Amino acid sequence: MTAEPLLRVRGLTAGYGEIQAVREVDVEVRAGEIVTVLGGNGAGKTTLLGAVAGLVDVFDGEISLADRPLGGLRPHARARRGLALVQENKRVFRALSVRDNLVVATPRLGRAEFDAREQNVYELFPVLAEKRRDPAGSLSGGQQQMLAIGQALMAGPSVLMLDEPSAGLAPRLVAEVMDRVATIASRGMAVLLVEQAVHQALRVASRVYVLRLGRCSEQEDFRGADKQRLLDHIYLGAAADGSRT
Ligand SMILES: Nc1ncnc2c1ncn2[C@@H]1O[C@H](COP(=O)(O)OP(=O)(O)OP(=O)(O)O)[C@@H](O)[C@H]1O
Ligand SMILES: [Mg+2]
């Protein structure tokens, strides 16, 4: 791919107080591509997304969106620049209808623009259109995950970050959510996908970064690479660290 990266993370060290949970990490995501970040429990995946979103302290390094640095900006300002994060096990507002969940997630917009974004969400996730008047609490876990992604899309982001969207979903639903993520990317979004569902993530991603103990190793075009070796690297390596049983 030749296009300039939309999201660029360089030399990122970030964490909590004394803890450096990610160290010297470089990640780039271009418009229209899905880049997946894999790694065992505690590898630093959520920390990486949190640092990009402005939720986790950055100790060193640079994060930029469309060549504009994000450093020092609060999460809301980053969202206005075009960054969206769907956190792991993101809760929707259970008492509100599906549609109202989309309304509350949307910045002030003209009616036509709101309608267009709402239709886009319903087109991606037709089950949400069917259930638009139902309370979100009545949706299945998979449908709530789709709604959480839909909420993120209502902000009209250029970069979508997803933290384990497959968590807690039945395998068939995982595949469906991944297919939708692929559709979203194919329309020009840059997607940074953190996953534990390795096979599904590799199915849709164009590039992969593997995090281990906060450090990153990239496999450029892994489609030609040996998936088993990649899996061993993630999980046997993590087991050897004692961070996964
Ligand atoms: N709020 C926090 N305060 C202190 N340490 C934290 C905090 N959140 C995470 N950590 C530590 O930072 C490291 C990376 O955690 P992180 O949540 O980023 O990993 P992860 O790859 O997302 O793991 P998982 O697969 O379990 O979601 C871990 O050692 C974790 O214990
Ligand atoms: Mg995590």
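Looking at an unreviewed UniProt entry, the chain carries the name ABC transporter ATP-binding protein, with the source organism given as Conexibacter stalactiti. What the UniProt record of the chain gives under Sequence similarities (unreviewed entry) is the line "Belongs to the ABC transporter superfamily."

Peer 1: Is there a simple way to think about the site of ligand 1 in this case?
Peer 2: Around ligand 1, the structure places 14 residues, and the nearest of them are Gly42, Lys45, Thr46, Thr47 and Gln196. One of the backbone N or O atoms of Gly42 is found 2.8 Å from an oxygen atom in ligand 1. Residue Lys45 places a side-chain N or O atom 2.7 Å away from an oxygen atom belonging to ligand 1. Protein chains bury 60% of the 630 Å² of accessible surface belonging to ligand 1 in isolation. Those elements that place two or more of their residues in the shell around ligand 1 are β2 (19-29) and α1 (45-53). Considering every element that reaches the shell around ligand 1, the biggest residue donor is α1, with three residues.

Peer 1: Where do I start with the confidence of the model for the chain in this structure?
Peer 2: As a note on interpretation, predicted positions should not be read in detail where pLDDT is low. Per-residue confidence for the chain gives a mean pLDDT of 89; residues scoring 70 or more make up 88%. Ranking the elements of the chain by mean pLDDT puts helix α9 (residues 227-241) last with 60 and strand β7 (residues 159-163) first with 98.

Peer 1: Where do I start with the packing of helix α4 (residues 111-124) against helix α6 (residues 141-154) in this structure?
Peer 2: Packed helix pairs are characterised by how far apart their axes lie and by the angle those axes make with each other. Orientation of α4 relative to α6, taken along the N-to-C sense of each, is 150°, at an axis distance of 10 Å. On the basis of their axis angle, the class for α4 and α6 is roughly antiparallel. Read as a crossing pair, α4 and α6 show a hand that is right-handed. Contacts from Phe114, Arg117, Glu118, Val121 and Leu124 in α4 reach Gly150, Leu153 and Met154 in α6. Partitioned by chemical class, the residues of the contact of α4 with α6 number five nonpolar, one polar and two charged.

Peer 1: Just to check I follow, could you spell out the pairing of strand β9 (residues 207-212) for this structure?
Peer 2: Both faces of the sheet carry side chains from a regular strand, because those side chains alternate between them. Of all six residues making up β9, five are buried, and the element is well covered by its neighbours. Sheet topology places strand β3 (residues 34-38) next to β9; four bridges connect them, and they run parallel. In the strand pairing of β9, Leu38 is matched with Val210.

Peer 1: Quick question: what am I supposed to make of unusual backbone geometry here?
Peer 2: Residues other than glycine predominantly adopt negative phi, and peptide bonds predominantly adopt the trans conformation. Although it is not a glycine, Ala66 sits at a positive phi angle of roughly 50°. With respect to the helices and strands, Ala66 occurs in the loop between β4 (57-65) and β5 (68-69).

Peer 1: Sorry, what's going on with the sheet that holds β2 here?
Peer 2: Taking strand neighbours across the sheet as the criterion, the four strands line up as β2-β1-β4-β5 in an open arrangement whose pairing is antiparallel. One side of each edge strand has no neighbouring strand; the edge strands of this open sheet are β2 and β5. Pairing geometry for β4 and β5, over two bridges, is antiparallel. Paired with Leu65 across the bridge in β5 is Arg68. Here α1 sits on the sheet and contacts β1 (7-16), β2 and β4; the angle it forms with β1, its principal contact strand, is near 110°.

Peer 1: Hey, could you run me through α6 in this one?
Peer 2: Every α-helix carries 3.6 residues per turn, so stepping three or four residues along brings you back to the same face. Across its 14 residues, α6 extends 20 Å between first and last C-alpha, which sits within 8% of the 20 Å expected from 1.5 Å per residue. Counting buried positions along α6 gives 13 out of 14 residues, so the element sits mostly inside the fold.

Calculation rules
Residues numbered from 1 in each chain as written. Chains lettered and ligands numbered in written order. Predicted model: local features only at pLDDT ≥ 70, side-chain atom pairs only at ≥ 80, totals over all residues. Heavy atoms only, no water. UniProt positions renumbered as here; feature names shortened; annotations may be inferred. Near = heavy atom within 4 Å. Polar contact = N/O pair within 3.5 Å; in protein donor to acceptor, adjacent residues only side chain to side chain. Areas by Shrake-Rupley, 256 points an atom, 1.4 Å probe, with all protein chains shown as cover. Helix = DSSP H or I, 4+ residues; strand = E, 2+ residues; numbered from the N terminus. pLDDT = per-residue confidence, 0-100. Axes fitted to C-alpha atoms, helices over the stretch in contact; angles between N-to-C directions. Parallel < 35°, antiparallel > 145°, perpendicular 65-115°, else oblique. Left-handed = near helix turned anticlockwise from the far one by under 90°. Contact = heavy atoms within 4.5 Å. Nonpolar A, V, L, I, M, F, W, Y, C, P; charged D, E, K, R; others polar. Buried < 20%, exposed > 50% of the residue type's maximum accessible area, 1.4 Å probe, protein only. Pairing = 2+ DSSP bridges. Expected span 1.5 Å × (residues − 1).

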